Amino acid sequence: MSAPERAGVPDDGDAGVDDQPLGHFLGQLAAKMPAPGAGAAAAMEAALAASLVAMVGRFTTGERYAEHADVVAEVVARADVERDACLDAAAADGEAFTAVTEAYRLPRDTDEEEAARRQAICAAQERAAGPPRDVIAASASLMTLAERLLPIANFNVLSDVSAATEAARAAATTARLAIEVNLPGVQDERYREELTAMVASVDDLTRRAADVEAEVRQRITS
């Protein structure tokens, strides 16, 4: 990558997504680089949702919320796990997308090269559909965790429940696009059916996020 293409992007070596300053990740996202891209952004949106869910849970503790302590503890623990998984998905998406771009650069001067290139592209696209599939699954899990917190959450952070579901919704809709752009290359029929089902599930997640927002707004303005 030339200096102009990396202008303004600090060099953190091989630091993982979870080890990078946020500004570094955003600088990479803005740069003229193959990755990170929309798939990694979706994973980070899901990680934000997980962080918000965990934060709401940690504020919903103490004597006042003692009867819900077990539920809150479970929600916080699962949200922390999902956050780590989403950060892993962000890193995996960058690697997978880079593999797709490299496959498209393979030579195709002969019939044999063209066939090998097409096979490499399909294999890379199958792999690239994996991280956004995981992001949609994480978004669904986080939506459920937020819904469990909604009736019992500390009122002072109630709006953050909706912020979490909105972040999860954004993650899912962005990840849906990342799957759809790679779906034409997926040749494994069972995997294709799994991905198609994941894509179809996103509409329900957007509806659930809207329902949470409506309830939160009603409660904080009444």
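Here, the structure is the one placed above.
Rules used in this analysis
Residues numbered from 1 in each chain as written. Predicted model: local features only at pLDDT ≥ 70, side-chain atom pairs only at ≥ 80, totals over all residues. Heavy atoms only, no water. Patch = residues over 30% accessible without salt bridge, like charges linked within 9 Å, V, L, I, M, F, W, Y side chains within 5 Å. Areas by Shrake-Rupley, 256 points an atom, 1.4 Å probe, with all protein chains shown as cover. Salt bridge = Lys/Arg side-chain N within 4 Å of Asp/Glu carboxyl O. Helix = DSSP H or I, 4+ residues; strand = E, 2+ residues; numbered from the N terminus. Buried < 20%, exposed > 50% of the residue type's maximum accessible area, 1.4 Å probe, protein only. Polar contact = N/O pair within 3.5 Å; in protein donor to acceptor, adjacent residues only side chain to side chain. Contact = heavy atoms within 4.5 Å. Axes fitted to C-alpha atoms, helices over the stretch in contact; angles between N-to-C directions. Parallel < 35°, antiparallel > 145°, perpendicular 65-115°, else oblique. Left-handed = near helix turned anticlockwise from the far one by under 90°. Nonpolar A, V, L, I, M, F, W, Y, C, P; charged D, E, K, R; others polar. Expected span 1.5 Å × (residues − 1).

Student: Would you explain a nonpolar patch on the surface in this entry?
Tutor: Taken together, L22, L26 and L29 make up a surface patch of nonpolar side chains, about 260 Å² in accessible area. Looking at the element boundaries, L22 is found in helix α1 (residues 22–30). Since its relative accessible area comes to 54%, L22 is described here as exposed.

Student: Please explain the side chain of D80 as it appears in this structure.
Tutor: Inspection of the secondary structure puts D80 in helix α3 (residues 69–104). Judged by its relative accessible area of 17%, D80 falls in the buried class. Of note is the side chain of D80, whose polar atom sits 2.6 Å from the side chain of R58. Leave out the neighbours within four places in its chain, and D80 touches A54 and R58.

Student: Any chance you could explain the environment of F59 here in plain terms?
Tutor: Relative to the elements of secondary structure, F59 occurs in helix α2 (residues 38–59). Once the C-alpha coordinates of F59 and A153 are considered, the two residues, 94 residues apart in sequence, prove to be 7.9 Å apart. Residue contacts for F59: discarding those within four places in its chain leaves Y65, N154 and V157.

Student: Help me understand the environment of A153, please; the structure alone is not making it clear to me.
Tutor: Mapping A153 onto the fold places it in the loop between α5 (130–149) and α6 (158–182). Given a relative accessible area of 7%, A153 falls into the buried group. For the pair A153 and Y65, spaced 88 residues apart in sequence, the C-alpha separation works out to 8.7 Å. With residues near it in sequence (within four places) discarded, A153 still touches V56, T60, L158 and V161.

Student: Explain the packing of α3 against helix α4 (residues 111–128) here, please?
Tutor: For any two helices packed against each other, one specifies the inter-axial angle together with the distance between the axes. For the pair α3 and α4, interaxial distance at closest approach is 8 Å and the crossing angle is 165 degrees. Viewed along their axes, α3 and α4 adopt a mutual orientation that is roughly antiparallel. As α3 packs across α4, the resulting crossing turns out to be left-handed. Here α3 contributes D93, E95, A96, A99, V100, A103 and Y104 to the contact with α4, which in turn contributes R117, A120, I121, A124, Q125, R127 and A128. For the contact of α3 with α4, the residue count by class is nine nonpolar, one polar and four charged.

Student: Quick question: what am I supposed to make of α6 here?
Tutor: Since the α-helix packs 3.6 residues into each turn, any two residues three or four apart lie on the same face. Across its 25 residues, α6 extends 37 Å between first and last C-alpha, which sits within 8% of the 36 Å expected from 1.5 Å per residue. Counting buried residues in α6 gives 18 out of 25 residues, a clear majority hidden from the surface.

Student: It is not clear to me how the pattern of salt bridges should be interpreted in this structure. Could you clarify?
Tutor: Opposite charge on two side chains permits pairing when their charged atoms draw close. This structure, assessed with the given rule, holds 13 salt bridges. Of the charged contacts, one joins E194 and R133 as a salt bridge, the two residues approaching to 3.8 Å between their closest N and O atoms. Of this pair, E194 sits in helix α7 (residues 189–221) while R133 sits in helix α5, and the two are 61 residues apart along the sequence. Residue classification places E194 among the partly exposed positions, given a relative accessible area of 36%. Among the ionic pairs, R208 bridges to D204, the shortest N-O distance being 3.9 Å. Placement of both R208 and D204 in helix α7 is noted, with a separation of four residues, approximately one turn of the helix. On the basis of relative accessibility, which here comes to 34%, the residue D204 falls in the partly exposed class. One salt-bridge network, held together by shared partners, links E147, D204, R207, R208 and D211.

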